[in-house]
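# Notes for the structure review
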Amino acid sequence: MAKLIAGMGTSHVPGVGAAMDNGKTGEAYWQPLFEGFKPLREWHKNNVPDVNIVVFNDHATSYSLDNYSTFTIGVGDHFRPADEGWGRRQVPDVEGHPELAWHITESLMAEEFDMAVAASVDLDHGLTVPLSIAYDQPEKWPTAVIPLIVNVIQHPLPTAMRCYKLGQAIGRAIASFPEDISVGIWGTGGLSHQLGGERAGVVNPEFDKAFLDNLTQNPIANAEIPHTDFIREAGAEGIEMIMWNVMRGALNDDVKEIYRFYHIPVSATAYGAIILENS
Ligand code: DHB
Ligand code: FE
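This write-up is about the structure you can find in this document. The structure displayed is predicted, hence computed values, not measured ones.

With that out of the way, let us pick up helix α7 (residues 205-217). With 13 residues, α7 should cover 18 Å at 1.5 Å per step; its first-to-last C-alpha distance of 18 Å lies within 8% of that length. Residues of α7 that are buried: Phe207, Asp208, Phe211, Leu212, Leu215 and Thr216. Viewed end-on, α7 has its buried residues packed into an arc of 170°, placing them on one side of the element. In this structure, α7 carries Glu206 and Gln217 as exposed residues pointing more than 90 degrees from its buried face.

Attention now goes to the site of ligand 1. The local shell around ligand 1 consists of His12, Val13, Pro14, His59, His125, His193, Leu195, Glu240, Ser267, Ala268 and Thr269. In this structure, serine 267 approaches ligand 1 through a side-chain N or O atom, which is 2.5 Å from an oxygen atom. Across the complex, the protein chains shield 89% of the 300 Å² of accessible surface that ligand 1 would expose by itself. Split into classes, the residues belonging to the shell around ligand 1 amount to 4 nonpolar, 6 polar and 1 charged.

A word on the packing of α7 against helix α10 (residues 242-250). Viewed as axis vectors pointing N to C, α7 and α10 meet at an angle of 20°, and their least axial separation amounts to 10 Å. Classified by the interaxial angle, the pair formed by α7 and α10 is roughly parallel. Crossing geometry of α7 relative to α10 is assigned as right-handed. For the pair formed by α7 and α10, the contact residues are Phe211, Leu212, Leu215 and Thr216 on the first element and Trp244, Asn245, Met247 and Arg248 on the second. For the contact of α7 with α10, the per-class residue count stands at 5 nonpolar, 2 polar and 1 charged.

The next thing to look at is the sheet that holds strand β6 (residues 116-118). In space, the 8 strands of this open sheet follow the order β6-β3-β7-β2-β8-β1-β10-β9, with mixed pairing throughout. Two strands in the sheet have a free side with no partner beyond their single neighbour: β6 and β9 (255-266). Recorded for the sheet is a direction-independent mean angle of 20° between the axes of neighbouring strands. Here 3 bridges tie strand β3 (residues 71-74) to β6, and the two strands are oriented parallel to one another. Looking across to β6, one finds that threonine 72 is bridged to alanine 116.

What counts and what doesn't
Residues numbered from 1 in each chain as written. Chains lettered and ligands numbered in written order. Predicted model: local features only at pLDDT ≥ 70, side-chain atom pairs only at ≥ 80, totals over all residues. Heavy atoms only, no water. Helix = DSSP H or I, 4+ residues; strand = E, 2+ residues; numbered from the N terminus. Expected span 1.5 Å × (residues − 1). Buried < 20%, exposed > 50% of the residue type's maximum accessible area, 1.4 Å probe, protein only. Arc of directions from axis to C-beta. Near = heavy atom within 4 Å. Polar contact = N/O pair within 3.5 Å; in protein donor to acceptor, adjacent residues only side chain to side chain. Areas by Shrake-Rupley, 256 points an atom, 1.4 Å probe, with all protein chains shown as cover. Nonpolar A, V, L, I, M, F, W, Y, C, P; charged D, E, K, R; others polar. Axes fitted to C-alpha atoms, helices over the stretch in contact; angles between N-to-C directions. Parallel < 35°, antiparallel > 145°, perpendicular 65-115°, else oblique. Left-handed = near helix turned anticlockwise from the far one by under 90°. Contact = heavy atoms within 4.5 Å. Pairing = 2+ DSSP bridges.

See the structure below:
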């Protein structure tokens, strides 16, 4: 049977990808961040699953505000980086895993999660930047990837609890996939940040720390946070943190936190990352 080995949470700030693509990671601004990635990258080198499910949001790149689905799963066998206005990132294309993706889709639908299904969708920084953070600059990504897109852009958004329950259902779907493959799941976005408006630039280390602590020890507490609390405490785009609940929901109740990193500022955000091994 398939086995879920671990979950990772990471911010997906596009500037991190741009720093790598433009050879700036050694600059004073970026150096501490890439120094902090070293243990994360070491762990990923030693723990390469067959498939990673990457939970992220499209930033009105492949979707428009006229047409947004709440939860979308990518079932194609091949996906390309999106052109977000500066051309496509020069990173490898993504190989999908249609067999596991369709199994998860059927299992989720049977559990009354009404998924949108994408055979093709171009992938923006929400997915490509986490791959770069974990795997640096390889010729080819070392794992297949199932994109799982959550609407955190066009209100009304799914609740933090709905995201957690979706993750739990994904966990059950993985456990019932008959092939002996290993799987990872990633939640991306956050942590606290707001890109526009009067409160642009807001970050909240206390809120972020409590969220990370609860992610490991008390995930229901994060699932119970109302949207208004995320937006008030963590900024309008801090709401991206609900996608980490999908990742956490898929894992066992007991997890082992083996890496945590927090750094301010990265662009307009508080950068956060965590790795949780399934116990
Ligand atoms: C930034 C952060 C994001 O999560 C995002 O999607 C876009 C930009 C930023 O801080 O620059
Ligand atoms: Fe984002």
